[in-house]
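Chain and residue survey
Here is what each chain is made of, one letter per residue.
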Amino acid sequence: MIIYLKEIHSGDKIEFSISRKEFNIDELEGMVQCSFVLSKSKKIVRVKGNVVFNYKTTCARCLEHTTLDFNKKVEYIFECETPYIVKGQEIKLIPDEIEKCYFKGDEIDVTPAIRDTILLAIPTKTLCKPHCKGLCPICGKNLNEGDCKCQN
Ligand SMILES: [Zn+2]
Ligand SMILES: [Zn+2]
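My aim in this report is to walk through the structure given alongside it, one point at a time. Just so we're clear, the structure is a prediction, and the values are computed from it rather than from any experiment.

What follows is about the overall build of the chain. The helix and strand tally for the chain stands at one helix and nine strands. Relative to the compact-globule value of 15 Å for 152 residues, the chain shows a C-alpha radius of gyration of 22 Å, a clear excess of over 25%. With the principal axes as the frame, the chain shows a C-alpha extent of 80 × 30 × 25 Å. For the chain, the residues scored as buried account for 12% of the 152 residues in total. The contacts of the chain with a sequence gap of at least 6 include a subset with a gap of at least 24, amounting to 52%.

Written out as structure tokens, the structure is:
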């Protein structure tokens, strides 16, 4: 998703959705909804807002399909790729400890930053509910649906 800076003023709210194909993450369900407010100067663009997405996965204990809903607050800082130089000295506009992305000319590609947000949000191990009982190790029955006879 490219944001064209010439068409946007500071403080403008922009809303769009991105198809999961653009992220190359198969487990996404439906579109990824984004709503951002931009503030821009010549060298820095701040993109602040929310990224909403659904992620389908399987429970690590009972193997049932489950969908996780996310609504992540995000703030991305894009710095112009051309270094800002005053009297032969490069000025750092953003401290090194803040993670930043870069833009060139009048276009910002927000897709890679949003992709990172999604990948960071996804837990490595998902449970369908906090106290999922899992499967019986003997007969394989899903114990959330009731007890099996093995334990008796
Ligand atoms: Zn489960
Ligand atoms: Zn059993």
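A separate point is unusual backbone geometry. Although it is not a glycine, Asn24 adopts a positive phi angle of roughly 65 degrees. As for its position among the elements, Asn24 is in the loop between β2 (13–18) and β3 (28–40). The phi dihedral of Leu63 is positive, around 65 degrees, even though this residue is not glycine. With respect to the helices, strands and loops of the structure, Leu63 is situated in the loop between β4 (44–58) and β5 (65–80).

The biggest cluster of nonpolar side chains holds 17 residues, and the ones touching the most others in it are Val32, Val45, Val47, Phe78, Ile108, Val110 and Ile114. Breaking this core down by element, the ones donating at least two residues are β3, β4, β5 and α1 (111–121). With five residues, the single largest contributor to this core is β3.

A few words on α1. Among the residues of α1, those classed as buried are Ala113, Ile114 and Thr117. Projection of α1 onto a plane perpendicular to its axis shows the buried side chains occupying an angular sector of 100 degrees, all on one side. Residues of α1 that are exposed and point more than 90 degrees away from the buried face comprise Pro112 and Leu119. Where α1 is buried, its residues touch β2, β3, β4, β5 and β8 (100–103).

To continue, consider the sheet that holds β8. Strand order across the open sheet formed by five strands is β2-β3-β4-β5-β8, with mixed pairing between neighbours. Of all the strands in the sheet, the pair left with one neighbour each is β2 and β8. Looking at each pair of strands side by side, their axes are set apart by 30 degrees on average, direction ignored. Contacting β2, β3, β4, β5 and β8, α1 runs over the sheet at an angle of about 140 degrees to β5.

Before going further, it helps to spend a moment on the environment of Ile114. Position of Ile114 relative to the elements: it lies in helix α1. Considered as a pair, Ile114 and Leu5 are 109 residues apart in the sequence and their alpha carbons are 18 Å apart. Leaving out residues up to four positions away in the same chain, Ile114 has contacts with Ile18, Val32, Cys34 and Val51.

Right, let's talk about the pairing of β5 for a bit. One ladder, built from 15 bridges, connects β4 with β5; its direction is antiparallel. By the bridge assignment, Asn50 is partnered in β5 with Lys73. In sequence, β4 turns back onto β5 through a hairpin of six residues, with Leu63 there showing a positive phi of about 65 degrees. Sheet topology places β5 next to β8; four bridges connect them, and they run parallel. In the strand pairing of β8, Cys80 is matched with Phe103.

Rules used throughout
- Residues numbered from 1 in each chain as written.
- Chains lettered and ligands numbered in written order.
- Predicted model: local features only at pLDDT ≥ 70, side-chain atom pairs only at ≥ 80, totals over all residues.
- Helix = DSSP H or I, 4+ residues; strand = E, 2+ residues; numbered from the N terminus.
- Rg over C-alpha atoms; globule rule 2.2 N^0.38 Å.
- Buried ≥ 20, exposed ≤ 12 C-beta atoms within 10 Å, placed from the backbone.
- Contact = placed C-beta atoms within 7 Å.
- Core = buried A, V, L, I, M, F, W, Y, C linked by C-beta atoms within 7 Å.
- Arc of directions from axis to C-beta.
- Pairing = 2+ DSSP bridges.
- Axes fitted to C-alpha atoms, helices over the stretch in contact; angles between N-to-C directions.

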